[in-house]
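Understanding the architecture of this molecule
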Amino acid sequence: MSKRPGRHRRRYKLSAEPDVIYAIGDVHGHLDKLIALEQLIVEDGRDLGRVKLILMLGDYIDRGPDSAGTITHLMGRPPEGFHRLCLLGNHDDMFLEVLEGRVAPEALLPYGGLATFASYGCDLEEYESGLRLNGRRLAEELARTVPGSHEGFIRGLPVLVETPRHVFVHAGLRPGVPIEEQEDRDLLWIREPFLSHSAPAPKIVVHGHTPADAPTRTATRIGVDTGAGFEGPLAAVRITRAGEAFLQVGE
């Protein structure tokens with residue numbers, strides 16, 4: 001799968017910290033878990049200030065049963081009283097490459113793409129019968145079944161949101177590289193040397209992408225991918241001026 005060099009996707013820089021941020025890890029098509037976590041967040045944040053932001057960390061598709069429904073949900077209104085920002089994940093970017101005709105659909109199969117194709121109503125009878133996937137036919141079917149609004153939503157997703165105290169990305173940052181010089185491919189794909197890097201940094205990095213049994217907090221980063229795509233829970237970190245706390249559903 002291509003990992004395109006350089007910077008080309010939008011990035012947001014917030015001039016002030018919201019009263020509370022809930023950063024949600026990789027959903028991977030588990031819309032039921034996302035809805036349950038949003039309900040928990042609404043209750044948890046009821047008395048936590050006026051400016052409340054839900055920040056999705058990417059990977060809305062693949063593996064789980066309802067990728068299409070997850071995208072539709074995220075395109076809709078956020079819970080009452082909240083703003084919502086969605087970041088691009090590497091799985092979302094790969095799907096966009098397929099929709100734009102730059103990558104063959106079968107390239108997504110090792111990443112759980114079959115579940116995404118099924119969620120859009122693609123006919124997968126040949127593949128499920130053990131026959132070789134007909135990539136051209138599937139590409140044509142995706143062009144018919146994936147709404148243009150879904151493709152446009154994914155295409156418009158930013159790769160980074162920066163606040164005065166935090167940086168939110170899907171995968172992580174390249175150590176030693178200034179934020180403004182980070183390349184998209186690292187923001188979407190990096191694991192090492194980001195995960196083991198422990199040198200002091202001016203801002204805490206909040207990310208998903210690398211699943212763990214529980215949310216991870218170190219001196220330099222907060223990881224909230226708890227493996228929802230592998231039947232694990234879906235987690236979020238609540239960030240306020242007073243500190244952090246974790247919420248999760250689907251244990």
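Below is a short write-up of the structure. The structure displayed is predicted, hence computed values, not measured ones. (Residues numbered from 1 in each chain as written. Predicted model: local features only at pLDDT ≥ 70, side-chain atom pairs only at ≥ 80, totals over all residues. Heavy atoms only, no water.)

**Things to note about the layout of surface pockets**
If you add up the space inside the largest pocket, you get close to 290 Å³. Lining the largest pocket are 19 residues, with Leu173, Pro175, His197, Ala201 and Val205 sitting closest to its centre. Class assignment for the residues of the lining of the largest pocket results in 12 nonpolar, 4 polar and 3 charged. (1 Å grid on protein atoms, 1.4 Å probe; cavity = no way out; pocket = protein on both sides within 12 Å on 5 of 7 lines; lining within 4 Å. Points joined across faces, edges and corners; volume = space filled by probe spheres on them. Nonpolar A, V, L, I, M, F, W, Y, C, P; charged D, E, K, R; others polar.)

**Thoughts on the packing of aromatic side chains**
As enumerated under the stated definition, the model contains 3 aromatic pairs in all. A centroid spacing of 6.1 Å and a plane angle of 55° characterise the contact between tyrosine 22 and phenylalanine 82, whose relative ring orientation is tilted. Placement of tyrosine 22 in strand E2 (residues 20–24) and of phenylalanine 82 in the loop between helix H2 (67–75) and strand E4 (83–86) is noted, with a sequence separation of 60 residues between them. Classification of phenylalanine 82 by relative accessible area gives buried; the value is 7%. (Phe/Tyr/Trp six-rings, centres within 6.5 Å; stacked < 30°, edge-to-face > 60°. Helix = DSSP H or I, 4+ residues; strand = E, 2+ residues; numbered from the N terminus. Buried < 20%, exposed > 50% of the residue type's maximum accessible area, 1.4 Å probe, protein only.)

**Remarks on the environment of aspartate 213**
Inspection of the secondary structure assignment puts aspartate 213 in the loop between strand E7 (204–207) and strand E8 (216–217). Among the residues examined, aspartate 213 registers a relative accessible area of 79% and is labelled exposed. Note: C-alpha distance between aspartate 213 and aspartate 225 (12 residues apart in sequence) is 8.5 Å.

**Quick look at the nonpolar core**
Membership of the largest hydrophobic core comes to 54 residues, with the highest contact counts inside it found for Ile24, Ile41, Met56, Phe95 and Leu142. Top element by residues in this core is helix H3 (residues 90–99). It accounts for 5 residues. Discounting chain neighbours no more than four positions away, the residues touching phenylalanine 95 are Ile61, Leu108, Thr116, Phe117, Tyr120, Leu142, Val146 and Ile154. Membership of the second largest hydrophobic core comes to 14 residues, among which are Leu53, Val161, Phe168 and Val224. (Core = buried A, V, L, I, M, F, W, Y, C linked by side-chain atoms within 4.5 Å. Contact = heavy atoms within 4.5 Å.)

**Topic: the sheet that holds E4**
The mixed open sheet is built from 5 strands, whose spatial order is E4-E3-E2-E10-E11. Where the open sheet ends on each side, the last strands, each with one partner, are E4 and strand E11 (243–249). Direction aside, the axes of adjacent strands within the sheet are offset by 20° on average. (Pairing = 2+ DSSP bridges. Axes fitted to C-alpha atoms, helices over the stretch in contact; angles between N-to-C directions.)

**As for the environment of alanine 228**
Locating alanine 228 in the fold gives a position in the loop between strand E9 (221–223) and strand E10 (234–240). Along the chain, alanine 228 and leucine 188 lie 40 residues apart, while their C-alpha atoms are 18 Å from each other. Filtering out sequence-adjacent residues up to four positions away, alanine 228 remains in contact with Asp26, Val27, His30, Lys33, Pro233 and Leu234.

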